[in-house]
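# Structure assessment
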Amino acid sequence: MEENAFNSLKKELESNFSGMADFSVRELDFGGTKFFIYYINNHSSKDMINRFVISPISQAYLRGGSASPIEGIVTNIGFIAAKDKREAIDSVMAGNSLLLFSDMADGIFGYICATRNESGRSNEEPETETVIRGPHNGFNESAEQSAMLLRRLIKSTRLKSEKMTLGTLTKTNVIIMYVEGIVNEKALGILKSRLSSIRADALIDSGSVEMYIQDGSCALYPTVGNSERPDKVAGKILEGRIAVIVDGSPVVLTVPYLFCEGLQVSEDYAKSTFFATFVRGLRFATLLFALYLPALFVALVSHHADFLPRVVTDYMERTREGITVSLMWELLTTFIIFEILREVGLRMPKAVGSAVGIVGSLILGESAVSAGIISPFVLIIVAFSAVCNFISAPYMNPNGVYRFALIFAGGVTGLFGLFALIAVSIWIGCRKTSFGVPYFSPFAPVSAEGLADFIYMAPVWKMKKVPPSVSGRDSVRTEGKR
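Below or above, wherever it landed, is the structure these notes cover. (Residues numbered from 1 in each chain as written. Predicted model: local features only at pLDDT ≥ 70, side-chain atom pairs only at ≥ 80, totals over all residues. Heavy atoms only, no water.)

So, about the overall build of the chain. The helix and strand tally for the chain stands at 16 helices and 12 strands. By the compact-globule yardstick of 23 Å for 482 residues, the chain is too spread out, its C-alpha radius of gyration being 30 Å. Considering only C-alpha atoms, the chain reaches an extent of 105 × 60 × 40 Å along its principal axes. Within the chain, the fraction of its 482 residues that count as buried is 45%. Here the analysis covers contacts within the chain between residues at least 6 apart in sequence; of these, 64% occur between residues at least 24 apart. Summed over all atoms, the accessible surface of the chain reaches about 24400 Å², with 60% contributed by carbon and sulfur. (Helix = DSSP H or I, 4+ residues; strand = E, 2+ residues; numbered from the N terminus. Rg over C-alpha atoms; globule rule 2.2 N^0.38 Å. Buried < 20%, exposed > 50% of the residue type's maximum accessible area, 1.4 Å probe, protein only. Contact = heavy atoms within 4.5 Å. Areas by Shrake-Rupley, 256 points an atom, 1.4 Å probe, with all protein chains shown as cover.)

Structure follows, in structure tokens:
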């Protein structure tokens, strides 16, 4: 490359990094051949630059090996030529280093060296998804390391991965992974289309990506799953789902996501089928209690007291003496206080958060009952419903919003309005889809293979086929027990 052209390229590249205090240039000169290495401090590994770039070049030129091609000198495994100036600049911003030298061939815009600093936290067990029996590692913030953890569990060439970059400013790397021959091709096409249509300047967390790709513009219940456990994500991939790994986030997304997944836990598959079925039935029952018990209670007491035993109505009248607000507003107010205390416990530092939540609940609850603001029976209903809501973590937040609507419908219109709202909700759920898959699968529409892993869990060796409601295929995954 001519000297003027080289200086012009060098000046143009360096102008893009002006005003960056952490941008560094390492200059080397060997008998008139000048080398310039561009990198960002701490984003690139100085040790890798010294060992795999500077040291080989220095040894080669000190031994008189200046005639050797640069590709035969630099020992960095990711050493490639940049196709254009934009690729050269983006590579430096991504944590790699860029090598320029005065003897470069024309049409080359520098050489990219894979020297990104990959140091980060270890793969610790996620606090939000602890298990007694099962792997105790989790994803971390590096997309490449998260993909590697999945490949350790699925050692097959059919596990495919595709990479794309999202965000005009953040340049966030996103990796999608799926098993060829099992993946739901329709869902894969929809996912790629939604990801490629994202037009945003910043995507820092997987939650931001989830908002862009979920079904519906304002979905209450999630249509995109998420997890920090490699074994859980690997199991979902093997059923035909797709994993979406976002660099910078330890939470991996999975699509499509069905309602029944909120009742399933990875530890279920390490238990006996009888106990797993019992626990899943318990989760489903508590989910119903969390949603419908307060609304049914306020509807019966406020509008249909004749349906209740006389003993119950007399007790309610005695405990609510002196309370001026209606039962519906009493329930709503108590739930709002509970949500405030829960939010305080979550946002406070761990050392004091749980203590503040417990002490606040005890003091406020006892004081409210003593002052005649809340009746004891209402406090019991709220406490029981709130505790039941925690058993299904994926639906904890949407259930809280939906429960307010149910209480309001039951308090204003009685059982008629309550059951009408429930019917409309079920109808909407039956019409809802997640990346082309019915949200209420496998019971709407009914799938015999899917029902074997819903509330009732058949033995693992009896689940011979991949769930067709998820994968859209008739694929055999086991020959059964011999």
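Quick look at helix α1 (residues 3-15) now. Helical geometry note: an α-helix holds 3.6 residues per turn, so side chains three or four residues apart project in the same direction. Under the 1.5 Å per step criterion, the end-to-end length of α1 is 18 Å for 13 residues, consistent within 8% with the ideal 18 Å. Looking only at α1, the buried set comprises Phe 6, Leu 9, Lys 10 and Leu 13. Viewed end-on, α1 has its buried residues packed into an arc of 100°, placing them on one side of the element. Relative to its buried face, α1 has exposed residues pointing more than 90 degrees away, namely Asn 4 and Lys 11. (Expected span 1.5 Å × (residues − 1). Arc of directions from axis to C-beta.)

Pairing is antiparallel across the open sheet formed by five strands, whose spatial order is β6-β7-β9-β10-β8. Both edges of this open sheet fall to β6 (159-166) and β8 (225-227), since each of them pairs with a single strand only. Between one strand and the next, the sheet's axes are offset by a mean angle of 25°, whatever the strand orientation. The pairing of β6 with strand β7 (residues 172-179) spans eight bridges and is antiparallel. Paired with Leu 166 across the two strands is Thr 172, which belongs to β7. Helix-sheet contacts for helix α6 (residues 206-213) involve β8, β9 (242-246) and β10 (252-255), and the interaxial angle to β10 is about 20°. (Pairing = 2+ DSSP bridges. Axes fitted to C-alpha atoms, helices over the stretch in contact; angles between N-to-C directions.)

On to a nonpolar patch on the surface. Residues Phe 275, Phe 278, Leu 282 and Ile 391 make up a contiguous nonpolar surface patch of roughly 380 Å² in combined accessible area. Mapped onto the secondary structure, Leu 282 falls in helix α8 (residues 273-303). Classification of Leu 282 by relative accessible area gives partly exposed; the value is 41%. (Patch = residues over 30% accessible without salt bridge, like charges linked within 9 Å, V, L, I, M, F, W, Y side chains within 5 Å. Salt bridge = Lys/Arg side-chain N within 4 Å of Asp/Glu carboxyl O.)

With burial as the criterion, each face of β10 is covered, one bearing Val 252 and Thr 254 and the other bearing Leu 253 and Val 255. Here three bridges tie β8 to β10, and the two strands are oriented antiparallel to one another. Opposite Gly 225, over in β10, you have Thr 254 as the bridge partner. Two strands pair when backbone bridges link them, and β9 and β10 are joined in this way by three bridges, in the antiparallel orientation. Across the sheet, Ile 242 pairs through a bridge with Val 255, a residue of β10. Turn length for the β9-β10 hairpin, with the two strands adjacent in sequence and antiparallel, is five residues, and the turn residue Gly 248 shows positive phi of about 100°.

This next bit is on helix α2 (residues 46-62). Maximum bend of α2: about 35°, positioned at Ile 54, with proline Pro 56 one to four residues after it. Looking only at α2, the buried set comprises Ile 49, Val 53, Ile 54, Pro 56, Ile 57, Ser 58, Ala 60 and Tyr 61. (Bend = angle between axes of the 7 residues up to and from the residue.)

Size it by volume and the largest pocket reaches roughly 1600 Å³. Along the walls of the largest pocket sit 49 residues, with Thr 128, Glu 129, Asn 226, Ala 393 and Pro 394 positioned nearest its centre. Looking at the lining of the largest pocket, its residues break down into 20 nonpolar, 13 polar and 16 charged. (1 Å grid on protein atoms, 1.4 Å probe; cavity = no way out; pocket = protein on both sides within 12 Å on 5 of 7 lines; lining within 4 Å. Points joined across faces, edges and corners; volume = space filled by probe spheres on them. Nonpolar A, V, L, I, M, F, W, Y, C, P; charged D, E, K, R; others polar.)

Once that is clear, we can look at the nonpolar core. In terms of nonpolar packing, the biggest core is built from 37 residues, with Phe 297, Leu 331, Val 378, Leu 406, Ile 407, Leu 418 and Tyr 439 touching the most fellow members. Where this core is concerned, the elements lending two or more residues are α8, α10 (327-347), α12 (376-389), α13 (396-413) and α14 (415-431). Residue contacts for Leu 331: discarding those within four places in its chain leaves Pro 294, Phe 297, Val 298, Val 378, Ile 381, Val 382 and Ile 407. Residues Phe 17, Ile 73, Val 92 and Leu 99 belong to the second largest nonpolar core, which totals 36 residues. (Core = buried A, V, L, I, M, F, W, Y, C linked by side-chain atoms within 4.5 Å.)

Turning our eyes to something else, we now look at the packing of α13 against α14. Close contact between α13 and α14 brings their axes to 6 Å; oriented N to C, the two are set at 145°. Contacts between α13 and α14 involve Tyr 402, Ala 405, Leu 406, Ala 409, Gly 410 and Thr 413 from the former and Leu 415, Phe 416, Gly 417, Leu 418, Leu 421, Ile 422 and Ser 425 from the latter. Of the residues assigned to the contact of α13 with α14, the class counts are nine nonpolar, four polar and no charged.

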